[in-house]
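Inside the fold
Each chain, letter by letter, is given below.
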Amino acid sequence: MTPEHPLLEIDNITKSFPGVQALRGVSFSVQRGEIHALVGENGAGKSTLMKILAGVHAPDSGRLLWKGTPLVLDGTADAQKHGIRIIYQEFNLLPDLTVAENILLNQEPRTRFGTIAWGRMMDRARELLTRLEVQIDPAVPVSALTIAQQQIVEIVKALAGEAELLIMDEPTAALNPTEVAHLFKVIRGLAARGTAIIFISHRLDEVLHIGQRVSVLKDGQLVASQPCDGLSKQEIIRQMVGRDLADIFPTRSHAIANVPLLEVRGLTTDMLHDVSFTLYPGEILGFAGLEGQGQREVARALFGLGTIRSGDILVGGKPVRLNCPQVAIREGIVFISEDRKSEGLALRLGVRENIALPNLTRFSRLGWVRGRTETQTVAQQVRNIGVKTPNLEQPVRLLSGGNQQKTVVAKWLIEQPRLLIFAEPTRGIDIGAKMEIYRLMSELAAGGAGIVMISSELLELLGLCSRILVMYAGRTCAEVDGTSATEERIMFAATGNEMETHP
Amino acid sequence: MTSITARPTLPTRSRNVRLWRFLRQNQNVAIIWSVLLVIVIISTLLSDRFITSRNLINLTRQSAALVLAGIGQTFVLIAAGIDLSIGSTIGLIVVIMAAIMKPTPELMILGTLAGLGIGMLVGAANGLAVTRLNLSPFMVTLAMLSFIFGLALQLKQNPPGTIPAEYSQYFTGDVAGVPIPLIIIIVSTVLASLFLRYTVLGRHIFAVGSNESATRLSGMRTDRIKVLAYTAAGFMTGLAGIYWAARSRAGDPLTSENFAFDSITAVVLGGTRLSGGAGSVWGTLAGALIIGILNNIMNLRGVPSNYQYILKGLLLVIAVMLYRKK
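Residues numbered from 1 in each chain as written. Chains lettered and ligands numbered in written order. Predicted model: local features only at pLDDT ≥ 70, side-chain atom pairs only at ≥ 80, totals over all residues.

Digging into the overall build of chain A
Where we set the bar: Working definition: helices are DSSP H or I runs of at least four residues, strands are E runs of at least two. Numbering for both runs from the N terminus. Only C-alpha atoms enter the radius of gyration; for comparison, a globular chain is expected to reach 2.2 Å times N to the power 0.38, where N is the number of residues. Backbone-placed C-beta atoms define the burial measure: a residue is buried with 20 or more other C-beta atoms within 10 Å of its own, exposed with 12 or fewer, and partly exposed in between. We call two residues in contact whenever the C-beta atoms placed from their backbones are within 7 Å.
When its secondary structure is counted, chain A shows 18 helices and 22 strands. In terms of C-alpha radius of gyration, chain A reaches 25 Å, essentially the compact-globule figure of 23 Å for 503 residues. Reported as C-alpha extents along the three principal axes, the dimensions of chain A are approximately 75 × 50 × 50 Å. Every one of the 503 residues in chain A was classed for burial, and the buried ones make up 46%. Counting contacts in chain A only where the partners sit at least 6 residues apart, residues at least 24 apart contribute 66% of the total.

Observations concerning the overall build of chain B
Along its length, chain B carries 14 helices and 2 strands. What you see for chain B is a C-alpha radius of gyration of 21 Å, in line with the 20 Å of a compact globule of 326 residues. In terms of principal-axis extent, the alpha carbons of chain B reach across some 75 × 55 × 40 Å. Within the span of chain B, comprising 326 residues, buried residues form 48% of the whole. Long-range contacts, defined as pairs at least 24 residues apart, comprise 80% of the intrachain contacts of chain B with a sequence gap of at least 6.

Focus on helix α13 (residues 281-300) of chain B
Note the cut-off: Take the residue count of a helix, subtract one, and multiply by 1.5 Å to get its expected span.
With 20 residues, α13 of chain B should cover 28 Å at 1.5 Å per step; its first-to-last C-alpha distance of 28 Å lies within 8% of that length. Burial analysis of α13 of chain B places 15 of its 20 residues in the buried class, which makes it a mostly covered element.

Structural notes on the interface of chain B and chain A
Defined as follows: Three classes are used: nonpolar for Ala, Val, Leu, Ile, Met, Phe, Trp, Tyr, Cys and Pro, charged for Asp, Glu, Lys and Arg, and polar for all others, with Gly counted as polar.
Every contact between the two is made by 27 residues of chain B and, on the other side, 36 residues of chain A. If one sorts the elements of the side of chain B that touches chain A by residue count, helix α9 (residues 200-210) of chain B sits on top with 6 residues. Residue composition of the side of chain B that touches chain A, grouped by class: 12 nonpolar, 12 polar and 3 charged.

A short note on the sheet that holds strand β14 (residues 310-315) of chain A
All names here are of chain A. Convention followed: Note on pairing: DSSP must find at least two bridges between two strands before they are called paired.
If you trace the 4 strands from one edge of the open sheet to the other, you get β12-β11-β14-β15, paired in antiparallel fashion. For this open sheet the edge positions go to β12 (275-279) and β15 (318-319), each flanked by a neighbour on one side alone. Of the pairings in the sheet, the one linking strand β11 (residues 262-268) to β12 comprises 4 bridges and is antiparallel in character. Bridging across to β12, L262 finds its partner in L279.

Let's talk about the sheet that holds strand β6 (residues 84-87) of chain A
Residue and element names in this part refer to chain A. Applied cut-off: Think of each axis as a best-fit line through the C-alpha atoms, taken over the contacting stretch in the case of a helix, with angles from 0 to 180 degrees between the N-to-C directions.
Across the sheet, which stays open at both edges, the 6 strands sit in the order β6-β7-β8-β3-β9-β10 with mixed pairing between neighbours. Every other strand in the sheet has two partners, leaving β6 and β10 (221-227) as the edge strands with one partner each. Ignoring which end each strand starts from, the neighbouring axes of this sheet average 15 degrees apart. Sheet analysis places strand β3 (residues 35-40) next to strand β8 (residues 196-200), joined by 4 bridges and oriented parallel. In the strand pairing of β8, L38 is matched with I200. Against the sheet, helix α1 (residues 46-53) touches β3, β6, β7 (165-169), β8 and β9 (213-218), its axis set at about 150 degrees to β7. Along the sheet face, helix α8 (residues 233-241) touches β3, β9 and β10 and points at about 30 degrees away from the line of β9.

Observations concerning the packing of α13 of chain B against helix α14 (residues 305-322) of chain B
Helix packing geometry: the angle between the two helix axes and the distance between the axes. Residue and element names in this part refer to chain B. Selection rule: Geometric relationships in this document are graded by angle, where less than 35 degrees denotes roughly parallel, more than 145 denotes roughly antiparallel, 65 to 115 denotes roughly perpendicular, and other angles denote oblique. Note: crossing handedness is left-handed where the near helix turns anticlockwise from the far helix by less than a right angle, and right-handed where it turns clockwise.
It is the contact of α13 with α14, at a shortest axis distance of 10 Å, that shows an interaxial angle of 150 degrees. Viewed along their axes, α13 and α14 adopt a mutual orientation that is roughly antiparallel. In this structure, α13 meets α14 at a crossing whose hand is right-handed. Touching I291, L294, N295 and M298 of α13 are Y307, Q308, L311 and K312, all from α14. Grouping the constituent residues of the contact of α13 with α14 by class yields 5 nonpolar, 2 polar and 1 charged.

So, the nonpolar core
Convention followed: Core membership is restricted to buried Ala, Val, Leu, Ile, Met, Phe, Trp, Tyr and Cys residues, and these are joined into a nonpolar core through C-beta atoms within 7 Å.
Ranked by size, the top nonpolar core spans 167 residues in total, and within it I421, I451, M453 and V470 of chain A together with Y243 of chain B carry the most contacts. Top contributing element to this core by residue count: helix α11 (residues 222-248) of chain B, with 16 residues. Excluding anything up to four places from it in sequence, Y243 of chain B contacts A64, A65, L68, F171 and I184 of chain B. By size, the runner-up hydrophobic cluster in this structure holds 67 residues, among which are I187, A196, I198 and L217 of chain A.

Describing α14 of chain B
Taking 1.5 Å per residue, 18 residues should reach 26 Å; α14 of chain B reaches 25 Å between its end C-alpha atoms and fits that length. In terms of burial, α14 of chain B is largely open, as just 1 of its 18 residues are buried.

Observations regarding the confidence of the model for chain B
Residue and element names in this part refer to chain B. Rule in force here: Confidence of the predictor at the level of single residues is given by pLDDT, which spans 0 to 100.
Considering every residue of chain B, the mean pLDDT works out to 91; 95% of them sit at 70 or more. Per-element averaging of pLDDT across chain B places helix α1 (residues 15-25) at the bottom with 76 and α11 at the top with 97. Segment residues 1-11 is flagged for pLDDT under 50; beyond a separation of four residues in sequence, or across chains, it makes 20 contacts in the model.

Here we look at the pairing of β8 of chain A
All names here are of chain A. What counts here: Consider the strands pointing away from the viewer: the crossover is right-handed when the path from the first strand over the helix to the second runs clockwise.
Judged by how many residues are buried, β8 sits mostly within the fold: 5 of 5 residues are covered. The pairing of β7 with β8 spans 5 bridges and is parallel. Residue L165 lies in a different strand from β8, and its bridge partner there is A196. Once the chain exits β7 it traverses helix α6 (residues 177-192) before rejoining the sheet at β8, and the crossover so formed is right-handed.

Things to note about the environment of A125 of chain B
Relative to the elements of secondary structure, A125 of chain B occurs in helix α5 (residues 108-132). When the C-alpha atoms of A125 of chain B and M144 of chain B are compared, they prove to be 8.9 Å apart, with 19 residues separating the residues in sequence.

So, unusual backbone geometry
P159 of chain B follows N158 of chain B through a cis peptide bond whose omega is -5 degrees. Here P159 of chain B shows up in the loop between α6 (137-155) and α7 (165-172). Its identity as a non-glycine residue notwithstanding, E424 of chain A has a phi of 40 degrees, on the positive side. Relative to the elements of secondary structure, E424 of chain A occurs in the loop between β19 (419-423) and α16 (431-446).

Let's talk about the environment of L194 of chain B
Residue and element names in this part refer to chain B. Residue placement: L194 occurs in helix α8 (residues 180-198). A tally of 13 C-beta atoms within 10 Å means that L194 is categorised as partly exposed. Sequence-wise, L194 and V281 are 87 residues apart; in three dimensions their C-alpha atoms are separated by 9.8 Å.

Some thoughts on the packing of α5 of chain B against α11 of chain B
Residues and elements named next belong to chain B. For the pair α5 and α11, the least separation of the axes is 7 Å and the interaxial angle reads 150 degrees. Classified by the angle between their axes, α5 and α11 sit roughly antiparallel to one another. Handedness of the α5/α11 crossing: right-handed. Looking at the contact of α5 with α11 residue by residue, the class counts come to 15 nonpolar, 12 polar and 2 charged.

Topic: the pairing of β3 of chain A
Residue and element names in this part refer to chain A. Burial of β3 is extensive: 6 of the 6 residues sit out of reach of the surface. Side chains of β3 alternate between two faces, with I35, A37 and V39 and H36, L38 and G40 buried alike. When β3 meets β9, the two strands line up parallel, connected through 5 bridges. Bridging from a neighbouring strand, G40 pairs with L217 of β9.

If you want it as structure tokens, here you go:
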């Protein structure tokens, strides 16, 4: 253990999976007490690298050096023994057990009879919690805590396991700004005491705010590993996608009609309060906001998936009662869910069957599907949308994320909808497919359809939408012009700063 | 879109490529038919009485009811359900049919329709309970198993009713030298596979079993699809019950208790996925024939029936392991 060695050196790590080269010769190092951000597009190799550090995968070649000596990890338990802890987005907590039990799982203090010493366990848990200056009662079950508190419990649990390196995967995704600020305080406290943190995030503002260094992965390769000081967000994005922002989005040139396609007036559900907006044909209307502020519910209500308490929805000037997807589809409304694997596709079925599914009655006579019409129409659609698949019978679970998403879009375009709701349309897909989806959305709008777009990526909202509504606590709190607004402007509204100024 | 790389199935592809792809897409069916072939070869070696026309006709007679019940089970398993009530339902059907046809053999058609009706009614009831009450298919049909069994015992005549011999002839005899059970087996499998492949309902059954939320969000009435899947299965149970009445000629519900277990074993052997969304009646046919042949060859070799149960239990485990996800 010589002090001049970094805590962790990642040396020329390569890893491939069948059909994918996930990591190609990645090297960087992490110092004690360093907050090291790791960024990259989906599929860039972040999670593979993380799993190698956690001992889940073994690298194909290259090595890890831990305090200067080579480290070969044999499973998660081994990584933990060395002091490497990982906090996944999906927490590893037992919801019915108390905070103390979770924190000290597997290292419970014992009485001399071998039973658990409850009093000492509570004391120890409380001590660990106060060390991080957090107010959580160690005796309550984890299920009673907020997501932010559960996150803290995960950190404390890692701390109880004497973690020297803590890897956090998207720790802020579900937190509000106050909670984020608190989490950052905790992280800085840990770092000050010598724990190294690898902080994986999509939110580049946060990366620049908390990180000391940032490493950027693209297509399994390390593009840069650099200090955050003096680095701009634009520069990180350019490193991540390998292009300038201006080249990613199609130009907004088409005209927007002035007869409303969709009017929503005073929409109220369990989650939404008095949401009103209007959408015109040819327009892409964006919804921004922190996670869980009601954007998702707006999308679902428009597709008949919410219980509408009050308010009116007019499609083409005609009031409609959207109480199930069938009604929405009949009105020409389609929904591309943010969760394509569980709501968009039947993963085991083939491309043909997935695209045909909502259109089967169109292909059939007296309940019998006319296979030739079906295959021809689907094949045509696959060509138009550019779904890359070896054949039409390929199970969609074997397609890439981008092609899965294009399959979902393809199934809805056969009937030529007039209103499309895209929820997180580019989640988990690579930059090439993203650009194709953007272009497709732009073409649909140019063709006269109206598009409602929900996204947590402000850049894509700003790149595509003509107007953006910002939501906070189930209400729309601001409307900004898509061509002139900035991320700062939207985040200001999204954190609840404009509640009273909006009409 | 400029980057067109999709290559839909082209008719110009060579025959070998298409055959290979067909086998890959129907991998499970190909596996189980190969296993069936091996079992047939072994059986031939084990007993010189196995490949005789008399024994083969017997084999089709023994297997036809299971094929029919297995097809119904395939429908519900593809829809991510299960039907444990099949055996009891067949029991109820034979009791009712015997009660109608023993005193008045001329009411043959009524008896037959009653059998079909009971099957569909029980199936629809299963489907409605699963969807309306939002209960697990396992629990609903387990409860139905007991409920219908009790009903059948209650309605059973003492001594048990019988089915007229001439009725039996329609189902177990032959037409122009072809055994009717064989015709039943082939025709029902062909029709059922066409139903699953080429009807809107058949396709919806696959979709619901593969991903119910995605199917609902595609605008389908998933509850309706599930009720119809159970009813279609009930229709097949009705046919199985009618055949069973004709073959056993006894209005006794105790003769059909094994159908739920055997049909599930046949379906799982045939490669249909227990969690739904994938499966084939051609696989089920092979699975049912394997069970039939194993029973048959053990009878020919004089193995006590206790061992047949033990073997079927092992078979089910082997089948589940065979198709387990890698």
